[in-house]
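# What the coordinates show
Below are the chains, spelled out letter by letter.
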Amino acid sequence: MTFLLAGGGGLLSFNTGFAIWILVSLIAFLFVMIKYAVPPIMRALQEREQNIKESLESAEQAIAKAEKISKDNEKALRDAEIKAQQIRKEAVEEAELIRSERISKAKEEAAHLIEQARASIEQEKNQALVELREEVAKLAVKSASIIIDAELDNAKNNKLVDNFLSDLTKN
Amino acid sequence: MVQTLRRVFLTLLFLSISTSNTFASEQDEAQVLDVMGTVADHNYFKVPGFINGGKIYLPRIFYWESAEGESKLSAYLSTKSVLESGEFVETEEGALVPANGGHIIVDLSITSHLIYFWMGMLLALVLTVMAAGRYKRGIGRTVEPQGAFQNMFEVLFVFIRDDVARDNIDHHKADRYVPFLFTMFMGISFMNLFGLLPWAATATADLTVTATLAFVTFVITQFSGTKDYWAHIFWFPGVPTWVRVILTPVEILGMFTKPFALAIRLFANMLSGKIMIIAILGLVFIFADLFGAGAAYGVGIFSVSLTVVLYALKAFVALLQAYIFTLLSAVFIGMAAEDHAHSEEGYYTEHSAEEVSAN
């Protein structure tokens, strides 16, 4: 057991000189690693991770932007369609309005013409009646004179004429 | 039969605690099975037998005090040149002492474990510097990492950074400890794995090495301790004063048990694997000794196949223990560096309420 515990190469012994060597060289190795070897790797990995993160974020943003644009486009298209439809509808309505207006105007004009025709016909008729009366009166006078020639009974004549005239007016 | 079993048991017991010297005195030099010698530290570097007889002797450096009370630092190329210089003599146990009295204060000799420590750390450093060069050129920074080396390196590095450091240490502080944790992980991994090579020694199967590694973790932990951490050690918030009398020594003890456990865990795990392999392979020679060559061949099949399995297990354990050491270092640092203002508030009010109700 002395070998296990005693100094000078024993298994459980702590060798001071050796420990000094280990400590000094470990500190030297750690110094080089911490100062020169590892930081570039840390920085490079950090930079790469940052890059990847940023690229992913910017890609996401681009996708969102593209989606927004396409959505906007779609909306504009729909709006335009709705507007076109409205315009078409308005045009149809206007055309209808114009057509009905024109028809009513034509009807009115026609009615006016008919009225005018009717009025002139009435006028002509009245004129004709007046002329006819004069003619009839002349005829009556003529016929009366003829009768006078035959019979000079004025009283009887006047009665005859009046009867005749009233008959005429009746017809 | 009983006697045979007793002989086997005694031989195993003897093997496990004997040194090469005591064993060599009994048997031929060629048949020595030196268990402790394989795991212990040496002043030579073991190499295949055809080079310099299997050993390359390492320099010996002593800081010693002579009989006249003079302190001296002496360096020699090898143990042989120490003895040739005549200033030191070898004792019966194989230790070196100054020839004219006095004593060695610190033995600063280069040892095999130190060489393997340097090799492991240097390999970790070289690989990291190589990887850093690639990242500096832009590979892995602006484009994806290329090649098996960089990808494997990055897997390990990102693993240490994300799963070890950032998971256990407050996020805004974690990145500061990544270089330390990564160095520890890579260094210990390589030291552990070097132990699997033929002729090589496991530097981490040495208590001095693991204790020094744990000591560095301990120092870093204490230096990253927040006000809160120190308050918990010396003046535990929210408990009656008489409890603090018990708690403070326990907490102070806890400061030291954590790195102590780190050191012992790594040391014991690496040492046990090595001893187990040697012991199981040693059965072949014991059986050859006891029952002849036939039994040895029979046991050999069993021993070798078991050793192969153990080898695979050791390769896994080598990485696992490096990971555990690093993870626990991160956990300890995280516990010290944590500034848990919110939970502490709740804790404090909760406990002061208890105090009031107790009164």
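All values derive from a computational prediction rather than experimental measurement.

Thresholds applied
Residues numbered from 1 in each chain as written. Chains lettered and ligands numbered in written order. Predicted model: local features only at pLDDT ≥ 70, side-chain atom pairs only at ≥ 80, totals over all residues. Heavy atoms only, no water. Helix = DSSP H or I, 4+ residues; strand = E, 2+ residues; numbered from the N terminus. Buried < 20%, exposed > 50% of the residue type's maximum accessible area, 1.4 Å probe, protein only. Contact = heavy atoms within 4.5 Å. Areas by Shrake-Rupley, 256 points an atom, 1.4 Å probe, with all protein chains shown as cover. Core = buried A, V, L, I, M, F, W, Y, C linked by side-chain atoms within 4.5 Å. Domains from an automatic or database assignment. Buried area = accessible area lost by both parts, 1.4 Å probe. Salt bridge = Lys/Arg side-chain N within 4 Å of Asp/Glu carboxyl O. Nonpolar A, V, L, I, M, F, W, Y, C, P; charged D, E, K, R; others polar. pLDDT = per-residue confidence, 0-100. Pairing = 2+ DSSP bridges.

### A closer look at the overall build of chain B
Across its full length, chain B holds twelve helices and seven strands. For chain B, the residues scored as buried account for 45% of the 359 residues in total. For chain B, the share of sequence-separated contacts (at least 6 apart) that also reach a separation of at least 24 residues comes to 62%. On chain B, roughly 18,500 Å² of surface is accessible, and the fraction owed to carbon and sulfur atoms is 67%.

### Let's talk about the nonpolar core
Formed by 77 residues in total, the largest nonpolar core has its most connected members in Phe-117, Phe-157, Leu-181 and Leu-213 of chain B. Listed by contribution, the elements that provide at least two residues to this core are helix H2 (16-150) of chain A together with helix H3 (35-39), helix H5 (112-136), helix H6 (147-168), helix H7 (171-194), helix H8 (207-223), helix H10 (241-291) and helix H11 (293-337) of chain B. Structurally, this core is a two-domain feature, drawing no fewer than three residues from each of domain 1 (59-109) and domain 2 (113-342) of chain B. Sequence-distant contacts of Leu-213 of chain B, that is, excluding residues within four places in its chain, are made with Leu-26 of chain A together with Phe-117, Met-121, Met-184, Ile-188, Leu-266 and Phe-325 of chain B. Listed in part, the six residues of the second largest apolar core include Phe-62, Val-82, Phe-88 and Leu-96 of chain B.

### Brief notes about the interface of chain A and chain B
Contacts between the two partners involve 35 residues from chain A, matched on the other side by 55 residues from chain B. Summing both partners gives a buried area of about 3,900 Å² for chain A against chain B, and 79% of it is carried by carbon and sulfur. At the boundary of chain A and chain B, one finds three salt bridges. Where the side of chain A that touches chain B is concerned, the elements lending two or more residues are helix H1 (2-5) and H2 of chain A. Among the elements that make up the side of chain A that touches chain B, the one with the highest residue count is H2 of chain A (27 residues). Split by residue class, the side of chain A that touches chain B holds 24 nonpolar, eight polar and three charged.

### Focus: the confidence of the model for chain A
Residue and element names in this part refer to chain A. Taken as a whole, chain A shows an average pLDDT of 86; of its residues, 91% reach a score of 70 or greater. Across chain A, element-level confidence peaks in H2 with a mean pLDDT of 91 and bottoms out in H1 with 41. pLDDT under 50 marks residues 1-9. Its contacts with residues more than four places away, or in other chains, come to 15 contacts.

### Points about the pattern of salt bridges
Summed over all chains, the structure comprises ten salt bridges over all chains. Note that Lys-68 of chain A is salt-bridged to Asp-72 of chain A, the shortest N-O span being 4.0 Å. Residue Lys-68 of chain A and its partner Asp-72 of chain A are both found in helix H2; the two are separated by four residues, about one turn of the helix. Judged by its relative accessible area of 54%, Lys-68 of chain A is exposed. With a shortest N-O distance of 4.0 Å, Lys-72 of chain B and Glu-87 of chain B are connected by a salt bridge. With Lys-72 of chain B in strand E4 (residues 71-76) and Glu-87 of chain B in the loop between helix H4 (79-85) and strand E5 (88-90), this residue pair connects regions lying 15 residues apart in the sequence. Here Lys-72 of chain B falls in the partly exposed class, since its relative accessible area comes to 30%. A single salt-bridge network, built from bridges that share partners, covers Glu-49 of chain A together with Arg-161, Asp-162, Arg-166 and Asp-175 of chain B.

### Examining the pairing of strand E3 (residues 60-65) of chain B
Residue and element names in this part refer to chain B. In terms of strand pairing, E3 meets E4 through six bridges, oriented antiparallel. Each bridged residue has a counterpart across the sheet, and for Glu-65 the counterpart in E4 is Ser-71. Once E3 ends, the chain turns through five residues before running back antiparallel as E4, passing Gly-69 with a positive phi of about 85°. Bridging between E3 and strand E7 (residues 103-107) involves four bridges; their strand directions are antiparallel. Across the sheet, Trp-64 pairs through a bridge with Ile-104, a residue of E7.

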